[in-house]
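In case you want the letters, here they are:
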Amino acid sequence: MSLIEDRVADTDAPVLDILAARWSTRLYDETSPIDEDALASALEAARWAPSAFNLQPWRFVVARRGSATHEKVVATLVDFNKAWAAPAGALVVFVAQTEIDGKPVPTALYDLGQAAAHFTVQAHADGLYTHQMTGFDASALAAALGIESPFAPLTVMAVGDLGDVDAAPAAVRERELAPRTRRPVTESVLIDD
Ligand SMILES: Cc1cc2nc3c(=O)[nH]c(=O)nc-3n(C[C@H](O)[C@H](O)[C@H](O)COP(=O)(O)O)c2cc1C
């Protein structure tokens, strides 16, 4: 069985193929440039995410491998993430806008998360692999990119072509091959009347 087949979620009810197949890989091909068409589609999918009052309290920073911005983003990742995420074709910073016209946006993080979810699903459908991270220094990244309140980086997403599992360091290979798990839906549904 190939790695891609092995990673497909073992679901208790049928879900869209693309949702079952998406996983957060730590294997990136450090030679292939980002597929620009697929990246544009993923950003477009994020653009069309729903948001409260259609406020769209999200911004994105696209940092292609080899660019000055990429270097800045990589410098703020925790060491473990740096090792596997830096080779990805691009790192995309997901930035929340927590205030609009002086008024707080209580759903900013929720809405940004939906945009990120749209991004991951579209990217996967187009052959790009994604992995979201909070393991980075958010204040250092904001300073490095000149992002100021009410904007704040919430996550960084590695995006790119899949690398070779056999070439990965042991710690990464082990995680990549570990079973994918979730608690049962019944443990997440508080009331099912
Ligand atoms: C908001 C967010 C932050 C995450 N931060 C990290 C991280 O810093 N490093 C990492 O290796 N994985 C990180 N992950 C990946 C999760 O560990 C992963 O999504 C989870 O284990 C489920 O695995 P799957 O996405 O392959 O289904 C993050 C995921 C999300 C959604």
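The preceding data block contains the structure.
Numbering of residues starts from 1 in each chain and follows the order in which that chain's sequence is written. The predicted origin of the model limits local features to residues at a pLDDT of at least 70 and limits the giving and counting of side-chain atom pairs to 80 or more, whereas totals for whole chains, interfaces and linings rest on all residues. Only heavy atoms go into the side-chain values, all of them from the structure, while hydrogens and water stay out.

K.L.:
Would you explain the pattern of salt bridges in this entry?
P.N.:
Between side chains of opposite charge, a pair can form when the charged atoms approach closely. Whenever a carboxyl oxygen of Asp or Glu lies within 4 Å of a side-chain nitrogen of Lys or Arg, that contact is scored as a salt bridge. Evaluation of the coordinates by the stated rule reveals four salt bridges. With a closest N to O distance of 3.9 Å, Lys 82 and Asp 79 form a salt bridge. A residue pair is termed a helical-turn pair when its members lie 3 or 4 positions apart in one helix, as Lys 82 and Asp 79 do in helix α5 (residues 79-85) at three residues. The buried label goes to any residue with under 20% of its type's maximum accessible area, the exposed label to any with over 50%, and the partly exposed label to all in between, with areas taken from a 1.4 Å probe on protein chains only. You can call Lys 82 partly exposed: its relative accessible area is 27%. Runs of H or I in DSSP of at least four residues are treated as helices and runs of E of at least two as strands, each being numbered from the N terminus.

K.L.:
Help me understand the pairing of strand β5 (residues 129-133) in this model?
P.N.:
Extensive coverage of β5 is indicated by the burial of four of its five residues. Sheet topology places β5 next to strand β6 (residues 151-160); five bridges connect them, and they run antiparallel. Following the sheet pairing, Thr 130 is matched in β6 by Val 159. Pairing between strands is defined by DSSP: at least two bridges between the two strands are required.

K.L.:
Can you walk me through the packing of aromatic side chains in this structure?
P.N.:
A pair of Phe, Tyr and Trp rings is counted when the ring centres sit within 6.5 Å of each other, with Trp represented by its six-membered ring. The angle between the planes then sorts it: under 30 degrees is stacked, over 60 is edge-to-face, the rest tilted. The tally for this structure, following the rule as stated, stands at four aromatic pairs. Summarising the aromatic geometry, the rings of Trp 23 and Tyr 129 are spaced 5.3 Å apart at their centres and angled 70° between planes, so their arrangement reads as edge-to-face. With Trp 23 in the loop between α2 (17-21) and α3 (36-47) and Tyr 129 in strand β5, this pair connects stretches of sequence that are 106 residues apart. A relative accessible area of 2% means that Trp 23 is categorised as buried. Look at Tyr 129 and you get buried, because its relative accessible area is 10%. Taken together, Phe 60, Phe 94 and Phe 119 form an aromatic cluster joined through their ring pairs.

K.L.:
I would appreciate a short explanation of the packing of helix α4 (residues 68-76) against helix α7 (residues 138-145) in the present structure.
P.N.:
Only C-alpha atoms enter the line fits that serve as axes; for helices the fit covers just the stretch in contact. Angles between N-to-C directions range over 0 to 180 degrees. One can describe the packing of α4 onto α7 by two numbers: an axis separation of 9 Å at closest approach and a directional angle of 160°. The orientation of α4 relative to α7 falls into the category roughly antiparallel. Crossing handedness for the pair α4 and α7: right-handed. Only Ala 140, Leu 141, Ala 144 and Leu 145 of α7 make contact with α4, whose side of the interface consists of Thr 69, Lys 72, Val 73 and Thr 76. Comment on the angle field: the value is read as roughly parallel under 35 degrees, roughly antiparallel over 145, roughly perpendicular from 65 to 115, and oblique elsewhere. Handedness of each helix crossing follows the sense of rotation of the near helix against the far helix: counterclockwise by less than a right angle gives left-handed, clockwise gives right-handed. Whether two residues touch is decided by their heavy atoms; if any such pair falls within 4.5 Å, the residues are in contact.

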